[in-house]
There are 2 protein chains.
Amino acid sequence: MKYCFGVDIGGTTVKMGLFEATGEVLEKWEIKTHTEDEGKEILPDVAASIEEKVKAYKLAKEDIIGIGVGVPAPVTEAGIVHGSANLGWKYKEVKKELEELTGLTAEIGNDANVAALGEMWKGGGAGYKNLVMVTLGTGVGGGVIVGGKVIIGSHGAGGEIGHLCVNPHETEVCGCGKKGCLEQYASATGIVRLAKRKLAKETRETMLQSDNISAKTVFDAVKAGDEVAKEIASEFGKYLGYTLANLAVVTDPSIFVIGGGVSKAGEVLLDYVRKPYQERVFFANRDVEFALATLGNDAGICGAAKLVLDDFAE
Amino acid sequence: MKYCFGVDIGGTTVKMGLFEATGEVLEKWEIKTHTEDEGKEILPDVAASIEEKVKAYKLAKEDIIGIGVGVPAPVTEAGIVHGSANLGWKYKEVKKELEELTGLTAEIGNDANVAALGEMWKGGGAGYKNLVMVTLGTGVGGGVIVGGKVIIGSHGAGGEIGHLCVNPHETEVCGCGKKGCLEQYASATGIVRLAKRKLAKETRETMLQSDNISAKTVFDAVKAGDEVAKEIASEFGKYLGYTLANLAVVTDPSIFVIGGGVSKAGEVLLDYVRKPYQERVFFANRDVEFALATLGNDAGICGAAKLVLDDFAE
């Protein structure tokens, strides 16, 4: 039997999993992410945790295919990160460093790209080879898969669809420095922004209270039939649906998989996206599926494992 | 020595080329495209013309790798077209039909995708593996290449970037039935439309005459320093540059190659696109090249040949 590790490095915790090559998970665990001192302990901590499991399971190094890793930053094909605000990293040769620390092969990918791979492998996109995953969390991440392979791109910025400009008239600035990015409307914080703007000039009665707004309270109110909340959801849905219609003519996917915290709203969220999508989309791209991500927090470790398994299979 | 044929089927003529496997062109020629009767003679005409050259060059069938073909329509991975307005075709199994007619392997691609492959192979994008080609002709076509492979997509609609919606407020309808497509602003006819709109309310003196406008007269006037023409070029450049900035975060190319009749304006056209691109683009995608296509009308036959050569190499 061959094994591999899937590692999902986040700003607070590092999620880790030990997998059989067949995809079976033997164990999942987490360690703390030490972001102090430019995050210099993160990779040594990961290496030490892997070493511990190798011993605990009495694994022979030659039976370990490698370590797949997702990180919150653009990653080049050579496994280099040019900076990650969440981890404190500046320029870091992640692949090289982790391989030296562990003596194992490592494959590094952007966290959103890796999550997309996980959802394609055993989640909401299982069975498809051309898919676009959109992760609606604090920000908006994306992963574009063509023929079963994630598009990494020339600068590791493939699938950064949270930074598609969707509103040239926006006056507030996105985290990236530009204005009008998809992330400003379709992320958890974006939905709160839309809701606050709406409530500031709303006179109708609504369940929503502007001092206690979240993507969850908005979609809960939608489910309870609140008209104001429905209009906020429609605005969110238009920004996302129109953007996916534009993405469709670029890579022509079979399915869009929507994940991240906001997607916990469930099927109702997909309904708000499908309608504007169909309204705008090029005729050849009408026939596309919309699905919710199903792996939740495990998408990262699964996709990371798949990253190194794919490489092994080639 | 091995050989292959590159065939570029257009609405008026079929351009054809006989290539050595090394990429050397032995002969280029054209035949008329017979679009009458739902274009049923087009493939038999192509087959007969190939047969003629096989005899003339005394080629052994086993030395012919195959026939690559570009057609003006979305093409599925199986080489099927669901309709081409320009050729009169309805549903047609192009690959199967041409293989039966010739006894040779055939690979079929969308004409804009095939042209992109040609420019990557021996044109403006030579040396790059991640590129986006934009063809500015009567319409706007596109070809998106990742890792040296054209993105075909699930419905053969990959790279149909002429139908990205760039102006939701447009009132006129695009050929595709939607409103606000890139094609309505950045094609040869789109530029004429922008110019006429401008001239209708223009009071300043200008070289441009609204009864004799073309993309060429606009860019000629730009080169002569005409201020009105410069503003039209700026508007065109914004639509195209902003769109390319959005494309950049999807597939993260190294280079954009601009071809088609409009690109005959030359380097000045690239200047009008670069500026708005840099203004809007995500920081990770700033470092990208812009180049003009160099193969002109030969891009199609070259890319078509490359289509079948790539397949042979695998």
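Residue numbers restart at each chain and count upward from 1, following the sequence in its written direction. Chains carry letters and ligands carry numbers; both start at the beginning, A for chains and 1 for ligands, and go up in the order they are written. Thresholds applied to this predicted model are a pLDDT of at least 70 for local features of residues and 80 or more for the giving and counting of side-chain atom pairs; totals over whole chains, interfaces and linings are not thresholded and use all residues. The basis for the side-chain values is all heavy atoms of the structure; hydrogens and waters are excluded.

Undergrad: I keep staring at the overall build of chain A and nothing clicks. Help me out?
TA: Each helix is a run of H or I in the DSSP string that is no shorter than four residues. Each strand is a run of E no shorter than two, and both are numbered from the N terminus. Helix and strand counts for chain A stand at 10 helices and 12 strands. Radius of gyration here is computed from C-alpha atoms only, and the compact-globule reference equals 2.2 Å multiplied by the residue count raised to the power 0.38. The C-alpha radius of gyration of chain A comes to 20 Å, within 12% of the 20 Å expected for a compact globule of 314 residues. Its C-alpha atoms put chain A at 65 × 45 × 35 Å along the principal axes. Using a 1.4 Å probe on the protein chains alone, a residue whose accessible area is under 20% of its type maximum counts as buried, one over 50% counts as exposed, and one in between counts as partly exposed. Burial analysis of chain A (314 residues in total) assigns 59% to the buried set. For this analysis, residues touch if any pair of their heavy atoms sits within 4.5 Å. For chain A, contacts bridging at least 24 residues in sequence account for 60% of all contacts bridging at least 6.

Undergrad: Before we go on, may I ask you to explain the relation of the copies chain A and chain B in this structure?
TA: One copy of the chain maps onto the second through a rotation around an axis plus a translation along that axis. Least-squares fitting of chain A to chain B yields an RMSD of 0.0 Å, with the transformation described by 0.0 Å of translation along the axis and a rotation of 180°. With respect to symmetry, the two chain copies, as superposed, fit the operation of a two-fold axis. Here the copies are matched by least squares. The fit uses the C-alpha atoms of residues with pLDDT of at least 70 in both.

Undergrad: Would you mind going over the packing of helix H8 (residues 227–251) of chain B against helix H9 (residues 267–280) of chain B with me for this structure?
TA: When two helices pack together, their arrangement is captured by the angle between the axes and the distance separating the axes. Residue and element names in this part refer to chain B. Geometry is summarised by axes, namely lines fitted to C-alpha atoms with helices restricted to the contacting stretch, and by angles between N-to-C directions that run from 0 to 180 degrees. Two numbers describe how H8 lies on H9: the axes approach to 7 Å, and their chain directions differ by 50°. On the basis of the axis angle, H8 is oblique to H9. Crossing hand, H8 versus H9: right-handed. Of the residues in H9, those in contact with Lys-230, Ala-233, Ser-234, Phe-236, Gly-237, Lys-238, Leu-240, Gly-241, Tyr-242, Leu-244, Ala-245 and Ala-248 of H8 are Leu-269, Tyr-272, Val-273, Pro-276, Tyr-277, Glu-279 and Arg-280. In terms of residue class, the contact of H8 with H9 is built from 12 nonpolar, three polar and four charged. Roughly parallel refers to an angle under 35 degrees, roughly antiparallel to one over 145, roughly perpendicular to one between 65 and 115, and oblique to any angle outside these ranges. Crossing handedness is read from the near helix: turned anticlockwise from the far helix by less than a right angle, it gives a left-handed crossing, and turned clockwise, a right-handed one. Ten residues, namely Ala, Val, Leu, Ile, Met, Phe, Trp, Tyr, Cys and Pro, are considered nonpolar, four, namely Asp, Glu, Lys and Arg, are considered charged, and the remaining ones, Gly among them, are considered polar.

Undergrad: Even after reading the chapter, I still don't get unusual backbone geometry, so can you show me in this structure?
TA: For residues besides glycine, phi is generally negative; the peptide bonds are generally trans as well. Residue and element names in this part refer to chain A. Phi at Asp-252 takes a positive value of approximately 50°, unusual for a residue other than glycine. Tracing the backbone through its elements, the reader meets Asp-252 in the loop between helix H8 (227–251) and strand E11 (255–259). Given the relative accessible area of 0%, Asp-252 is considered buried.

Undergrad: For this particular structure, what's the right way to read the confidence of the model for chain A?
TA: Residues shown with low pLDDT carry predicted positions that ought not to be read at fine detail. The predictor attaches a confidence to each residue, called pLDDT, with possible values from 0 through 100. A residue-level look at chain A finds 99% of positions with pLDDT of 70 or above and a mean pLDDT of 95. Interface confidence for the predicted complex, expressed as ipTM, amounts to 0.90; the pTM equals 0.91.

Undergrad: What is the right way to read the pattern of salt bridges from this model?
TA: Pairing between side chains of opposite charge can happen when the charged atoms of each approach one another. Residues and elements named next belong to chain A. Salt bridges are defined by distance alone: a side-chain nitrogen of Lys or Arg within 4 Å of a carboxyl oxygen of Asp or Glu. Applying the stated criterion across every chain, the model contains 42 salt bridges over all chains. Glu-202 is paired through a salt bridge with Arg-204; the nearest N and O atoms lie 2.7 Å apart. What you see here is one network of salt bridges that share partners, running through Glu-170, Glu-172, Arg-193 and Arg-197.

Undergrad: What should I look at first to understand helix H9 (residues 267–280) of chain A in this one?
TA: Along an α-helix, a turn takes 3.6 residues, which lines up residues three or four apart on a common side. Residue and element names in this part refer to chain A. Between the first and last residue of a helix there are one fewer steps than residues, each counted as 1.5 Å, and that sum is the expected span. For H9, spanning 14 residues, the distance from its first C-alpha to its last is 21 Å, which sits close to the expected 20 Å at 1.5 Å a residue. Every buried residue belonging to H9 is among Val-268, Leu-269, Leu-270, Tyr-272, Val-273, Pro-276, Tyr-277 and Arg-280, and all of these are buried. Along its buried surface, H9 packs onto strand E8 (131–136), helix H7 (215–223), H8, E11 and strand E12 (289–292).

Undergrad: I tried to follow the interface of chain A and chain B on my own but got confused; where do I start?
TA: The interface is formed by 34 residues belonging to chain A together with 34 residues belonging to chain B. Across the contact surface, chain A and chain B share zero salt bridges. Within 3.5 Å is the distance limit for a polar contact, defined as a pair of N or O atoms, with the added protein rule that one can donate a hydrogen and the other accept it, and that residues adjacent in sequence qualify only through two side-chain atoms. The interface formed by chain A and chain B includes 24 residue pairs in polar contact (both at pLDDT 80 or more). At the level of secondary structure, the elements contributing two or more residues to the side of chain A that touches chain B comprise strand E9 (140–146) and H8 of chain A. Ranked by residue count, the leading element in the side of chain A that touches chain B is H8(A), at five residues. Its residues assigned to classes, the side of chain A that touches chain B comprises 17 nonpolar, 12 polar and five charged.

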